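# Fold and geometry: a report
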Amino acid sequence: MPLIPITRAIAIDEGELDESFTRAGGPGGQHVNTTDSAVLLRFDVASSPNLPEAVKLRLAALAGSRMTQAGVLVLRSEGARSQLLNRQEVRERLVAMIREATIVPKKRRPTKPTRASQTRRVDGKTRRSAVKAGRGKVRD
């Protein structure tokens, strides 16, 4: 089976993809009633031997409700009238989603505010307090 390249190190086998075709809604006249142009693509992320475990976890988080309990990613495309265009579009979305999952997010390092920034903040509050205090009633 041909491989679908994701990154330099990752490629998925085309045999892992399960495509089914249904009738699409929307415009198209009588032709739309007779052709199965919508594409439903299923990719079993959980049992894919080509994806590293870390990528699988990030992909599950990215997919959200598009991922089933069994770990199957389900994508649907029915935007074009052509089945071929819908197949290309749904595969491009799958590849883009997996590429996004390969990016390791940077770990956030918590920082403390500097002493100078704390001083500026307190000074600003003091100035603002003085301005507001000056708006009160004049006392003798």
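A few words on the overall build of the protein chain. The helix and strand tally for the protein chain stands at three helices and five strands. Since a compact globule built from 140 residues should have a radius of gyration of about 14 Å, the 27 Å found for the protein chain marks it as more spread out than a globular shape. Taken along its principal axes, the extent of the C-alpha atoms in the protein chain is 90 × 45 × 25 Å. Relative to its full complement of 140 residues, the protein chain shows a buried share of 26%.

We now examine the nonpolar core. Counting residues in hydrophobic clusters, the biggest one holds 22 residues, and the most contacted among them are Ile12, Phe43, Leu51, Leu73, Leu94 and Ile98. Secondary structure elements with two or more residues in this core: strand 4 (38-44), helix 1 (53-63), strand 5 (72-77) and helix 2 (83-102). When residues in this core are grouped by element, the largest group, six residues, is from helix 2. Among all residues touching Ile12, those that are not within four sequence positions of it are Pro2, Leu3, Ile4, Ile6, Leu17, Phe43, Asn50, Leu51, Leu94 and Ile98.

This part is about the environment of Val131. Here Val131 is to be found in helix 3 (residues 115-133). Judged by relative accessible area, Val131 falls into the partly exposed class, the value being 42%. A sequence separation of 37 residues divides Val131 from Leu94, and the C-alpha atoms of the two residues are 58 Å apart.

A few words on the pairing of strand 4. Consecutive side chains of a regular strand alternate in pointing toward one face of the sheet and then the other. Of all the seven residues making up strand 4, five are buried; the element is thus mostly covered by neighbouring parts of the structure. Taken together, the six bridges between strand 4 and strand 5 define a ladder with antiparallel strand orientation. By the bridge assignment, Leu40 is partnered in strand 5 with Arg76.

Here we come to the pattern of salt bridges. In the structure shown here, the tally under the stated rule is seven salt bridges. The residue Asp36 makes a salt bridge to Arg23 at a minimum N-O spacing of 3.7 Å. With Asp36 in the loop between strand 3 (17-22) and strand 4 and Arg23 in the loop between strand 3 and strand 4, this residue pair connects regions lying 13 residues apart in the sequence. Relative accessible area serves as the criterion here: at 36%, Asp36 is assigned to the partly exposed category. Classification of Arg23 as exposed rests on a relative accessible area of 53%. Through salt bridges with shared partners, a single network forms among Glu14, Glu19, Arg87 and Arg91.

Bringing the sheet that holds strand 3 into the picture now. Taken together, the three strands give an open sheet; going across it, the order is 3-4-5, and neighbouring strands pair in antiparallel fashion. Every interior strand has two partners, whereas the edge strands, strand 3 and strand 5, have only one. Strand after strand, the sheet turns through a mean of 20° between neighbouring axes, direction not considered.

Thresholds, definitions, all that
Residues numbered from 1 in each chain as written. Predicted model: local features only at pLDDT ≥ 70, side-chain atom pairs only at ≥ 80, totals over all residues. Heavy atoms only, no water. Helix = DSSP H or I, 4+ residues; strand = E, 2+ residues; numbered from the N terminus. Rg over C-alpha atoms; globule rule 2.2 N^0.38 Å. Buried < 20%, exposed > 50% of the residue type's maximum accessible area, 1.4 Å probe, protein only. Core = buried A, V, L, I, M, F, W, Y, C linked by side-chain atoms within 4.5 Å. Contact = heavy atoms within 4.5 Å. Pairing = 2+ DSSP bridges. Salt bridge = Lys/Arg side-chain N within 4 Å of Asp/Glu carboxyl O. Axes fitted to C-alpha atoms, helices over the stretch in contact; angles between N-to-C directions.

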